[in-house]
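Here's the letter readout for the chains.
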Amino acid sequence: MLSARRHSHVSQGMSLLLVLGMIGILVLAGCGSRPAATEAIEEESELIIAQGVDATTLDPNMHAEAPTTNVVSNIYDSLLIRDEDGEIRPSLAESLSNVDDHTWELTLRDDVEFHNGEPFDAESVRYTIKRILDPENNSPQAGDLSAIKHVEVLDDYTVRLITHQPFPTLPAQLVDRQMVPPIYTEEKGADRLSSQPVGTGPYRFVSWKRDEKIVLEANEDYWRGTPSIKKVVFRVVPENSTRIAELQAGKVDLIVNVPPHQAEDLESSPDTRVERVPSTRVIFVATVSDEPGPLADPRVRRALNLAVDAESIIDSVLQGNGIPLQGQPVTENHFGFNPAVDPSGYDPQKARDLLAEAGYQDGLSLEMDTPDGRYLMDKEVAQAVAGQLQQVGVDVSLNIREWGVFVERIMNRQTAPLVLVGWGNSTFDADATVYPWFRTGQRFCFYENAEVDQLLDDARETMDEEARLQTYHQVMEILSDDAPWIFLHQQMDIYGVSERLDWTARPDERIEVFDADIR
Amino acid sequence: MTRYMLRRLSHSVFILVGISLVTFLLVHLSGDPASLYLPLDASPEDVEAVRASLGLDRPLHRQYLEFVRGAVRGDFGISLRHREPALNLVIQRLPATLQLAVAGMGVAVLTAIPLGVVAAVRRESPVSTLASVAGLLGQSMPVFWLGLLLILLLSVKMRLLPPSGRGGISHLIMPAVTIGTYSMAMVMRLMRSAVLDVLGRDFIRTARSKGLPERLVIYRHALRNALIPVVTVTGLQFGVLLGGAVITETVFSWPGLGRLLIQAFNNRDMPTIQAAVFVMAVMIVAVNLITDLAYSHLDPTVRFG
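Each value, and the rule that gives it
Residues numbered from 1 in each chain as written. Chains lettered and ligands numbered in written order. Predicted model: local features only at pLDDT ≥ 70, side-chain atom pairs only at ≥ 80, totals over all residues. Heavy atoms only, no water. Helix = DSSP H or I, 4+ residues; strand = E, 2+ residues; numbered from the N terminus. Contact = heavy atoms within 4.5 Å. Areas by Shrake-Rupley, 256 points an atom, 1.4 Å probe, with all protein chains shown as cover. Lys, Arg positive; Asp, Glu negative; His and termini not counted. Charge placed at Lys NZ, Arg CZ, Asp CG, Glu CD. Rg over C-alpha atoms; globule rule 2.2 N^0.38 Å. Buried < 20%, exposed > 50% of the residue type's maximum accessible area, 1.4 Å probe, protein only. Polar contact = N/O pair within 3.5 Å; in protein donor to acceptor, adjacent residues only side chain to side chain. Pairing = 2+ DSSP bridges. Axes fitted to C-alpha atoms, helices over the stretch in contact; angles between N-to-C directions. Phe/Tyr/Trp six-rings, centres within 6.5 Å; stacked < 30°, edge-to-face > 60°. Lys NZ or Arg CZ within 6 Å of the ring centre and 35° of its normal. pLDDT = per-residue confidence, 0-100. Core = buried A, V, L, I, M, F, W, Y, C linked by side-chain atoms within 4.5 Å. Patch = residues over 30% accessible without salt bridge, like charges linked within 9 Å, V, L, I, M, F, W, Y side chains within 5 Å. Salt bridge = Lys/Arg side-chain N within 4 Å of Asp/Glu carboxyl O. Parallel < 35°, antiparallel > 145°, perpendicular 65-115°, else oblique. Left-handed = near helix turned anticlockwise from the far one by under 90°. Nonpolar A, V, L, I, M, F, W, Y, C, P; charged D, E, K, R; others polar.

K.L.:
Give me the lowdown on the overall build of chain B, citing residues and values where you can.
P.N.:
A tally of regular secondary structure across chain B gives twelve helices and zero strands. Dimensions of chain B along its principal axes, counting C-alpha atoms only, are 85 × 60 × 30 Å. The contacts in chain B between residues at least 6 apart in sequence include a share of 74% that link residues at least 24 apart. Accessible surface, chain B as shown: approximately 14,000 Å² in total, 67% of it carbon and sulfur. Here chain B contributes 28 positively and 17 negatively charged side chains, and the mean placements of these two sets differ by 14 Å.

Quick look at the structure:
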């Protein structure tokens, strides 16, 4: 009844108008002048950062995510820090030494106070570490410190950490463990620490509007000196294109996770630039080789590596924003990287020969799982890999999985025999990659090699750096030859930056505002 | 009237119980939150411990009863991700979503009704053509695309409005237009055809032949009758707006319920999903109830008893 007469009014004039209107919108959107970008941010020493998601908590011991780390690392300090080159340096701990293979002694600074006036001392260290390890607290960081058996307070500024077994990567683990004030946390409770954090860091907490913004102000009494940027705002802007628009409109100074195909717009503008840095995250296709099937044969796995051209995937799918892996699971920035390993390269003919040798001259079919939107262009990378494998007669059927389902399948060892994964390792030590992935019995280990198991166990308990490095070099040789992964690339982190901001991207994804400046 | 209201209220309670059951089942069947709650390298023992501490190791019907017992008291449990009572998280974000939905509705109704009436009364005028174009574009443009286009045009190129975030009125304009456009188109087309329909009826001819001025004919007789279907649809559009809020809130970084819900789904944060869906359901049921009452008020032939 209602629509009986509607269509009689649709005239030719209307469709013409419609077309003109649409053209008009597109034209308006496509041109127009661009006034200076920086006029919008009023205060000169105010920095606005836009991330895709909000912090989940401001309690530094109860999370395991980069966006939260970016906020809390400006409020709190840890015992040790990493400089821009990835070297571990003293921070709240002035020095670190080994009393014996099981005992680390830390000498703490004696001139540091929390923002509420509470002194930082040995008790803060003991309290924080116990807090992370306490099973009651369910801290996602507990696993990182599980080697610590006991914390011994020698005096106000000296602490000893006693480990169950020799634990050479302890300093790397202490880098991300931020110190909380014991009295404040005990008296006010963990909820208060999470919503009104008190640290020793360069910035004090001001306010937090959930899913909107977190405001921090400079801690003028900071022990490393007065921060030059006086106010920091972390905004939450989930949509990539909107984040870029915020930067272009001059409303924010720094944005994270710029998609590769949108980086060019920011580079060509005089008001903005792009900062790229090789991240600690590697992208690869893991093979399930510890179960019977074609992938149990190392020749097949080698063939898959020869059939995939990582460089062309980087060029075509990632617009050049990646670095090919060198036939081993860690990047050259990681301790344990073996420069002598010769990556197999791209050789489809050799791949076909190897497959034929293994009895698959007529090809084979494999399933592959990939997440969608978790890593830079992950689904597209997986499709490119599948396409290249097709060329040598490996028929891949790709399952694109929602992240929750994807994780659950890996956790329950129900994953497809090929699975595209990204693995971040910000300890800069091979152990945090190769142990979970290649030590039999570990959660992500879909590979079986008794020799590798032995070497990995040895490396874990070797305190001598050089000997440990040699052990990992051996591991990398074996892995390169045995090819448990299809080695793809190291991901690039891409940031959009306002020209008025003096800041350099770090390989560990952190945004240290203390080191930045506004021009 | 009171009996009618009581009956409608009891229907609403049934609907809410049904929604809670369906949400509960869907969320529990869609996967195990424990594996997402911990970092990827957590041990299987850790995962088991978390499952136990969240009560996920108990049989499903016991978990549901537990959930209902809490929900009745307003306790939906602690958010797995935020470690805060889930209902608090929802209530914190409710004002932003309501503001957006009401502003969107305002934009929709305030433009759709006059435009629809004029388009019906002056059928050959440019306004009518404009209305048809707006109706077609409004209903066919994806919300996502419209939002980004507005940002590019009004924020990046012309620097008139802030691209995203919540703040003053200037922050509200683009999200409200974006979320209201679909409903605007819908309501306007309906308004136009309803007025056209009413204008052809006998009582309008009678009114005109009485010598009533055309303005009075339109306002007093035609409009009131044409509004009846429009009110119903507008009420239903409120639900559409709350659903559309998920996309609009993401595009415009609007800190509302829609975004909370999306994140909660991605993290299998069951308490938060349940609390958010429940609160949204309550709002939609309430708006439908109000619409029905308004309907019976506008149309004297609708009387329930």
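K.L.:
Give a detailed account of the overall build of chain A, specifying residues and quantitative values.
P.N.:
Counting its secondary structure elements, chain A contains 16 helices and 19 strands. What you see for chain A is a C-alpha radius of gyration of 26 Å, in line with the 24 Å of a compact globule of 519 residues. Dimensions of chain A, computed from C-alpha atoms along their principal axes, come out at roughly 85 × 65 × 50 Å. Counting the 519 residues in chain A, one finds 56% classified as buried. Accessible area of chain A: about 21,000 Å², with a carbon and sulfur share of 46%. Looking at chain A, you have 45 positive and 88 negative side-chain charges, and the mean spots of the two groups are 6 Å apart.

K.L.:
Quick one: what's the story with the side chain of Thr56(A), residue by residue and with numbers?
P.N.:
Within the secondary structure, Thr56(A) is located in the loop between strand E1 (46–51) and helix H2 (66–72). Given a relative accessible area of 3%, Thr56(A) falls into the buried group. Looking at Thr56(A), its side chain comes within polar contact range of the side chain of Glu65(A), at 3.2 Å. Contact partners of Thr56(A), with chain neighbours within four places excluded, come to His63(A), Glu65(A), Thr68(A), Trp208(A), Arg210(A), Arg81(B) and His82(B).

K.L.:
Can you explain the pairing of E1(A)? Please cite residues and give values.
P.N.:
Residues and elements named next belong to chain A. The buried fraction of E1 amounts to six of the six residues, a majority that puts the element mostly inside the structure. Both faces of E1 are covered, namely the face carrying Glu 46, Ile 48 and Ala 50 and the face carrying Leu 47, Ile 49 and Gln 51. With six bridges joining them, E1 and strand E10 (residues 231–236) adopt parallel strand pairing. Bridged to Ile 48 within E10 is Val 233. As defined by bridge partners, E1 adjoins strand E11 (residues 254–255) across two bridges and the pair is classed as parallel. The partner of Ile 49 across the bridge, within E11, is Leu 254.

K.L.:
I'd like a rundown of the sheet that holds strand E6 (residues 148–155) of chain A, residues and numbers included.
P.N.:
Residues and elements named next belong to chain A. Spatial ordering of the open sheet is given by E4-E5-E7-E6, a layout of four strands whose pairing is antiparallel. Either end of the sheet is taken by a strand with one partner, and the two such strands are strand E4 (93–100) and E6. With direction set aside, neighbouring strand axes in the sheet form an average angle of 20°. With five bridges joining them, strand E5 (residues 103–108) and strand E7 (residues 158–163) adopt antiparallel strand pairing. Residue pairing for E7: Thr 103 is matched across the bridge by Ile 162.

K.L.:
Account for the packing of aromatic side chains, with residues named and values stated.
P.N.:
Aromatic ring pairs: the centre-centre distance and the angle between the two ring planes describe each pair. All names here are of chain A. In the structure shown here, the tally under the stated rule is 20 aromatic pairs over all chains. Each ring, one from Phe 438 and one from Tyr 447, has its centre 5.7 Å from the other, and the planes form 90°; the classification is edge-to-face. With 6.1 Å between their ring centres and 55° between their planes, Trp 485 and Phe 487 make a pair best called tilted. Grouping residues by exposure puts Trp 485 and Phe 487 together as buried. Following the ring pairs from residue to residue traces out a cluster consisting of Phe 284, Trp 423, Trp 437, Phe 438, Phe 444, Tyr 447, Trp 485 and Phe 487. One Lys or Arg, Arg 210, reaches over the ring of Trp 208 and ends 3.8 Å from the middle of that ring. Directly above the aromatic system of Trp 223 lies the positively charged group of Arg 224, at a separation of 5.9 Å from the ring centroid.

K.L.:
Break down the pairing of strand E9 (residues 213–218) of chain A for me, citing the residues and quoting the values.
P.N.:
All names here are of chain A. Inspection of the sheet shows strand E8 (residues 203–209) paired to E9 by six bridges, in the antiparallel sense. Each bridged residue has a counterpart across the sheet, and for Phe 205 the counterpart in E9 is Leu 216. As judged from the five bridges shared by E9 and E10, these two strands associate in the antiparallel manner. For Val 215, the partnering residue across the bridge sits in E10 and is Val 233.

K.L.:
Mind laying out the confidence of the model for chain B, listing which residues take part and the relevant values?
P.N.:
All names here are of chain B. The pLDDT averaged across chain B works out to 86; a share of 93% of its residues lies at or above 70. By mean pLDDT, the top-scoring element of chain B is helix H7 (residues 143–157) (94), and the lowest-scoring one is helix H2 (residues 34–37) (68). ipTM for the predicted complex: 0.83, alongside a pTM of 0.84.

K.L.:
Describe the nonpolar core, and please don't skip the residues or the numbers.
P.N.:
Generally speaking, soluble globular proteins have nonpolar side chains that are buried together. Residue and element names in this part refer to chain A. Grouped together as the largest cluster of nonpolar side chains are 72 residues, with contacts concentrated most on Leu 389 and Trp 437. Apart from the residues lying within four places of it in its own chain, the contact partners of Leu 389 are Leu 304, Ala 307, Val 308, Val 394, Val 396, Leu 418 and Ile 486. With 62 residues, the next largest nonpolar core counts Val 151, Val 497, Trp 503 and Ala 505 among its residues.

K.L.:
If you had to explain a negative patch on the surface to someone new, which residues and values would you point to?
P.N.:
Taken together, the side chains of Glu84(A), Asp85(A), Glu87(A) and Asp515(A) present a region of like negative charge at the surface. Topologically, Glu87(A) is positioned in the loop between strand E2 (80–82) and strand E3 (88–90).

K.L.:
How would you sum up the pattern of salt bridges? Please name residues and give values.
P.N.:
All names here are of chain B. Here the structure, examined in full by the defined rule, presents 38 salt bridges over all chains. Residue Arg 8 is joined to Asp 292 by a salt bridge in which the shortest nitrogen-to-oxygen separation is 2.0 Å. With Arg 8 in helix H1 (residues 2–29) and Asp 292 in helix H12 (residues 270–298), this pair connects stretches of sequence that are 284 residues apart.

K.L.:
Report on the packing of H1(B) against H12(B), specifying residues and quantitative values.
P.N.:
A pair of packed helices is characterised by two quantities: the angle between their axes and the separation of those axes. Residues and elements named next belong to chain B. One can describe the packing of H1 onto H12 by two numbers: an axis separation of 10 Å at closest approach and a directional angle of 155°. Taken together, H1 and H12 sit at an angle that is classed as roughly antiparallel. Remark: the crossing between H1 and H12 carries right-handed chirality. Residues Tyr 4, Met 5, Arg 8, Leu 9, Ser 12, Ile 15, Leu 16, Ile 19, Thr 23, Phe 24, Val 27 and His 28 of H1 form the contact with H12, whose participating residues are Met 270, Ile 273, Gln 274, Val 277, Phe 278, Ala 281, Val 282, Val 285, Leu 289, Asp 292 and Leu 293. By residue class, the composition of the contact of H1 with H12 is 17 nonpolar, four polar and two charged.

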